[in-house]
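Examining the three-dimensional arrangement
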Amino acid sequence: MATFAKPENALKRAEELINVGQKQAALQALHDLITSKRYRAWQKTLEKIMFKYVELCVDMRKGRFAKDGLIQYRIVCQQVNVSSLEEVIKYFMQLSTERAEQARSQAEALEEALDVDDLEMDKRPEDLMLSYVSGEKGKDRSDRELVTPWFKFLWETYRTVLEILRNNSKLEALYAMTAHRAFQFCKTYKRTTEFRRLCEIIRNHLANLNKYRDQRDRPDLTAPESLQLYLDTRMEQLKIATELDLWQEAFRSVEDIHGLMSLVKKSPKPSLMVVYYAKLTEIFWVADSHLYHAYAWLKLFTLQKSYNKNLSQKDIQLIAGSVLLAALSVAPYDHKYGASHLELENDKERNLRMAGLINFTLDAKRENREVLSRASLLSELAAKGVMSCVPQEVKDLYNILENECHPLDLASRVQPLLAKIAKLGGKLSTASAVPEVHLAQYTPALEKLTALRVLKQAAQVFQTMKIDMLSKMIPFFDFAVVERISVDAVKYNYVAMKVDHLNGAVIFGNVDIESDTLCDHLAKLTESLNKAWCLIHPPTPKQSKLGNKLYHLSDIVETEHRRLLARKSIIEKRKEEHERQMLEMEREEESKRMKIQKITQEAEKKRLETEYSIRERARIQKEVAEKEMQEAQALLDAQRRKGHKGKKPLIEGELTKQGLIELALSEQLKERQETEKKLQKLAKTMDHLERARRENESPLIEQGWAKRLEEERIRFEQEQLRAIEESKKNHVEDLRRKNRLSRLVEYANAMRQKIDERRQSEFGQVMKEREDRINQQLAMRKMERDRMRKLIYFVTSEEERITQLRQEEETRKREEEERKKIEEAERKARLDAIAEKQRQRERELEEKEKLRRESLLRSTVDPVPRTAPPPAVSTESVTAAPAAAAAAASTAPSGGGKYVPKFRRGGSDAAPPERPAAAAPDTDRWSRSDDRPPVQSGGDRWQRGSRPVAGGESRLPPSTNSWSSRNRG
């Protein structure tokens, strides 16, 4: 780890390493400086170092290094200069985004460069073979090599920045901006998996924020600015989820938004709520939850009508029509019929949860099943004035389906209205948060509702009906679809009917269902079969086996005795094992006691530290409680000033925060009760006035109605007379025009014939040109096929040639290796033969030398006098010495017939052969040790050097003999 006296030195060192191409060493040097504890005081140089550090991290795609460095830099400048950290993070994200976009543009440019018409010019045979074998296009390969690594690094950058800024109250805006950029990244490149992970990361950050509320720099969600940033982030998350069709993630985003709103107990801006309810309508529609979809549309309509004053009348009609059609699309029967108590409770909890998401207030203790129902929704639409804003076609459809009874022609009345409603819709004005409304999406649900209404009304009027007639009454669906719809209706007790396919009829009314009569047929069948089995196979009494048991009683006693002995031995072993375990337990207890004593000492030390921290925490909590008490008191004072305008009720005793909040709530309740009393009194007064007004104007309305009828009758008669006169005039004019134009028929026929002939000739010319163009295209395609065939032949031939050359080269190399092996074997065999001859020659020499030495051992040699050196002896005398010695031994006197040993046969004073004379005086270890002179036997022929040779010189060197040579050997 390198150390620097000043941070500037580290920056200079990093720049020097970058200039020589050692970026990894430069990055490591800067990383050591940033993570060092010596430089924990912020200065401007550290910011420059961080800029260079993030440049290197982005250039080398080192996400882990970047994260470590940013975390350390956050520790340095958290309390001193947070804006510096913000600038570094922005620069980091900017570099990552630019490199990712640059890689993407390079990949696109590469793909455009390869997109040429002439394949023979830019495409080599190797490239064609690679594309055929791999099965992937050039764009896929370039994306995997260039774009994917940088996109991975950009995604890692977003995650790193979010992790660093997750609990920093001073950088909430930067956190929100990073989240928005990450959302846009997922939307632009359709990254659904990364979007899910991003949503989970942000959700975990908020959960940890609520869990650890005693952090120092934790963002305050009660502040309006913080709440608005978090809500904007969740709204953007909801929009991107719906655009990517991730409906489950969109629903979880809605739950996050609702959790934020309920957490701070404050309603957000109406513009955000409009987007919230608009996305809820889409989510519930995709989930086929038509009831919740209609309630969401109702809340959206209420918000738009209340807060958006720039909406046109047409937009209000379209939104109101969507609300009413969504309510009509809900199934008209209760799905809870026949459900168990557990299912009802689960459904009730689900309704309460959905009502909370829609901000629809419900009573949780209410026992009624239909906390949210179709009937209550329609009544609320009528109460809130939605019916007065819908288009006329939608209003007529509502009256026909809900208020009128036309079983035979209900579908024929509804069908043209559905055709008109399907054409309604389109884009709304720019003032609306909902971009467009399409009423055609409700057509399938309305057709199903019409079929149910027809079945219901037909069941009320008819008892039986032909299937063909019922199919004609419901022209939207085939009878198979109608039958499936009727099955659901019968299941949920909406209509009672039965389809008899054998007779081709439908039976309405209280029809007994076969499942009700056959619910216990399996139990009855089981009882009958049991009785029949007992009659066929009556039970037989069991025979006693006491005799068999007594027969084997001796074996049983012996076995039991062995079992008891084995049990006794097992018990003894268990006792010994138990004693051993007890000893071990005592040793373990002793060791545990020592450990506990040590832990107790450490715990006492920790307890003292914990008491200090508890006292400090209690002091902080006391300060927080005092602050909360002051806030509650301020809330109560504000409520008093608002409600009583200066009146202050008497407060006895000391109140806690909860008591102050309850007092403020009671003040609000009193104010609400007074307002309700005033409204009730005003409503009663208005009722009296309205009743009096209607009583006075009733006779005037009847007189006006009679007068209007008379005027309408007179106007109708006048219109009839005027129409008759106009018809007569038009008839006379038409006859006159017919007579005038009948003279032109002949000329018109001639003109038509000329035009037909001219167009026939033009058609023939066009057909001829078309045939020529087709023949030309066929010829071009044939040429293209020939060219491709030649190209493929060329590629195939080239491959075969290369393969043949490779095979020939391999064959040549293999033959060369075999030839070398054979030569090596021959050379080795020759060397072995030569070595064998040499070894044979050496063995022969060794045998000869051995024979010579043995002959020398058998010979007896007189010691040589030290005064006179032995004469020189030739090699011939040496070779002849053994033979002469043998002859002398054979001719020596026997000594009077006695046995004479070999070493005595040459004379009485001859030395034995085990002690020959030495070759030289200084190396003779067999010479005499006394001062006596050696025996001079002038007649001893075995004395070495006694035989003269030609020239008077011996053939052996003066100081050489067989024993000396042996000793040297």
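Residues numbered from 1 in each chain as written. Predicted model: local features only at pLDDT ≥ 70, side-chain atom pairs only at ≥ 80, totals over all residues. Heavy atoms only, no water.

**Overview of the overall build of the protein chain**
What the protein chain contains, in helices and strands, is 31 helices and 5 strands. Counting only residues that meet the buried cut, the protein chain has 27% of its 969 residues in that class. Entry remark: accessible area of the protein chain is about 67100 Å², with carbon and sulfur atoms responsible for 53%. (Helix = DSSP H or I, 4+ residues; strand = E, 2+ residues; numbered from the N terminus. Buried < 20%, exposed > 50% of the residue type's maximum accessible area, 1.4 Å probe, protein only. Areas by Shrake-Rupley, 256 points an atom, 1.4 Å probe, with all protein chains shown as cover.)

**Here we look at the pairing of strand β4 (residues 497-500)**
Judged from the 4 bridges that link them, β4 and strand β5 (residues 505-508) form a sheet pairing that is antiparallel. Its bridge partner lying in β5, Asp500 is registered against Ala505. (Pairing = 2+ DSSP bridges.)

**What to know about the pairing of β5**
For a regular strand, the rule is simple: side chains alternate between the two faces of the sheet. In this structure, strand β3 (residues 464-466) lies alongside β5, joined through 3 bridges in antiparallel fashion. Bridged to Met465 within β5 is Val506.

**Looking at the pattern of salt bridges**
Under the counting rule described, the total for this entry stands at 46 salt bridges. One network of salt bridges, with partners in common, ties together Glu200, Arg203, Glu249, Arg252 and Asp256. (Salt bridge = Lys/Arg side-chain N within 4 Å of Asp/Glu carboxyl O.)

**Things to note about the packing of helix α9 (residues 172-188) against helix α10 (residues 192-211)**
Running from N to C, α9 and α10 point in directions that differ by 160°, and their axes come no closer than 9 Å. Judged by the angle between their axes, α9 and α10 are roughly antiparallel. For the crossing formed where α9 meets α10, the hand is left-handed. Residues Tyr175, Ala179, Ala182, Phe183 and Cys186 of α9 form the contact with α10, whose participating residues are Glu194, Phe195, Leu198, Cys199, Ile202 and His205. Its residues placed into classes, the contact of α9 with α10 shows 9 nonpolar, 1 polar and 1 charged. (Axes fitted to C-alpha atoms, helices over the stretch in contact; angles between N-to-C directions. Parallel < 35°, antiparallel > 145°, perpendicular 65-115°, else oblique. Left-handed = near helix turned anticlockwise from the far one by under 90°. Contact = heavy atoms within 4.5 Å. Nonpolar A, V, L, I, M, F, W, Y, C, P; charged D, E, K, R; others polar.)

**Focus: the confidence of the model for the protein chain**
Averaged over every residue, the pLDDT of the protein chain is 76; residues scoring 70 or more account for 74%. Of all helices and strands in the protein chain, the one with the weakest mean pLDDT is helix α31 (residues 962-968) (40), whereas helix α28 (residues 745-858) scores best (92). Confidence drops under a pLDDT of 50 for residues 543-547, and excluding neighbours within four residues, the segment shows 0 contacts in the predicted structure. Counted against residues more than four places away or in other chains, residues 906-969, with its pLDDT under 50, gives 83 contacts. (pLDDT = per-residue confidence, 0-100.)

**So, a nonpolar patch on the surface**
On the surface, a cluster of nonpolar side chains totalling about 420 Å² of accessible area is made up of Leu679, Leu682, Met686 and Leu689. Within the element layout of this structure, Met686 appears in helix α27 (residues 657-741). (Patch = residues over 30% accessible without salt bridge, like charges linked within 9 Å, V, L, I, M, F, W, Y side chains within 5 Å.)

**Section: the packing of aromatic side chains**
One pass over the structure, following the stated rule, counts 13 aromatic pairs. With centroids separated by 6.3 Å and ring planes inclined at 85°, the aromatic side chains of Phe92 and Phe153 adopt a geometry described as edge-to-face. Taken together, the residues span a long stretch of sequence, with Phe92 in helix α5 (residues 82-114) and Phe153 in helix α8 (residues 138-164) at a distance of 61 residues. With relative accessibility at 3%, the residue Phe153 sits in the buried group. Ring plane angle 55° and centroid distance 4.5 Å describe the contact between Phe151 and Tyr189, whose orientation is recorded as tilted. Of this pair, Phe151 sits in helix α8 while Tyr189 sits in the loop between α9 and α10, placing them 38 residues apart in sequence. By the burial criterion, Phe151 is buried, and Tyr189 matches it. Ring pairing ties together the aromatic residues Phe151, Tyr158, Phe185 and Tyr189, which thus form one cluster. The positively charged end of Arg61 is found above the aromatic ring belonging to Trp150, 5.0 Å away from the centroid. (Phe/Tyr/Trp six-rings, centres within 6.5 Å; stacked < 30°, edge-to-face > 60°. Lys NZ or Arg CZ within 6 Å of the ring centre and 35° of its normal.)

**Describing the nonpolar core**
Among the nonpolar cores identified, the biggest contains 157 residues, and Ile89, Phe195, Tyr276, Leu324, Leu325, Leu381 and Leu397 are the most heavily contacted of them. In contact with Phe195, other than residues within four places in its own chain, are Phe183, Cys186, Gln237, Ile240, Ala241, Leu244, Leu246 and Glu249. (Core = buried A, V, L, I, M, F, W, Y, C linked by side-chain atoms within 4.5 Å.)

**Quick word on unusual backbone geometry**
Note: most residues except glycine have negative phi, and most peptide bonds are trans. Phi angles above zero are rare outside glycine, and Arg61 is one such case at about 55°. Within the secondary structure, Arg61 sits in the loop between α3 (44-60) and α4 (63-77).

**Some points on the side chain of Glu447**
When you line up the elements, Glu447 lands in helix α20 (residues 443-461). An unpaired buried charge is present at Glu447: no salt bridge exists, and Lys448, the closest side chain of opposite charge, is 11 Å distant. Among residues more than four places away in sequence, those in contact with Glu447 are Leu418, Phe476 and Phe477. (Lys, Arg positive; Asp, Glu negative; His and termini not counted.)

**A closer look at the sheet that holds β4**
Across the sheet, 3 strands lie side by side as β3-β5-β4; this open sheet has antiparallel pairing. The sheet terminates laterally at β3 and β4, the two strands that pair on one side only. When the angles between neighbouring strand axes are averaged without regard to direction, this sheet yields 20°.

**Quick notes on α9**
Under the 1.5 Å per step criterion, the end-to-end length of α9 is 24 Å for 17 residues, consistent within 8% with the ideal 24 Å. Of all the positions in α9, only Glu172, Leu174, Tyr175, Ala176, Thr178, Ala179, Ala182, Phe183, Phe185 and Cys186 are classed as buried. Two residues or fewer past α9, Lys190 is found with a positive phi of approximately 55°. (Expected span 1.5 Å × (residues − 1).)

**Here's the deal with a negative patch on the surface**
A contiguous patch of negative charge, built from Glu842, Glu844, Glu846 and Glu847, is present on the exposed surface. The residue Glu844 is located in helix α28 in this model. Taking the relative accessible area as the measure of exposure, Glu844 reaches 40% and is therefore partly exposed. (Charge placed at Lys NZ, Arg CZ, Asp CG, Glu CD.)

**Digging into the environment of Ser373**
If you trace the backbone, Ser373 turns up in the loop between α16 (341-357) and α17 (374-383). Judged by relative accessible area, Ser373 falls into the buried class, the value being 8%. Each C-alpha atom of the pair Ser373 and Asp334 lies 8.5 Å from the other, and the pair is 39 residues apart in sequence. Here Ser373 is in contact with Leu291 and Tyr295, once residues within four sequence places are set aside.

**Describing the packing of helix α14 (residues 290-307) against α17**
The relative placement of two packed helices comes down to the angle between their axes together with the axis-to-axis distance. In the contact formed by α14 and α17, the axes pass within 11 Å of each other and the chain directions differ by 20°. Relative to α17, the element α14 is oriented roughly parallel. When the axes of α14 and α17 are compared, the crossing they make is left-handed. For the pair α14 and α17, contact is made by Leu291, Ala294, Tyr295 and Leu298 and by Arg374, Ser376, Leu377, Glu380 and Leu381, respectively. Within the contact of α14 with α17, the residues separate by chemical class into 6 nonpolar, 1 polar and 2 charged.

**Thoughts on the environment of Glu816**
By secondary structure assignment, the location of Glu816 is in helix α28. Here Glu816 falls in the partly exposed class, since its relative accessible area comes to 29%. Only 2.2 Å separates the side chain of Glu816 from the side chain of Arg819, close enough to count as a polar contact. (Polar contact = N/O pair within 3.5 Å; in protein donor to acceptor, adjacent residues only side chain to side chain.)

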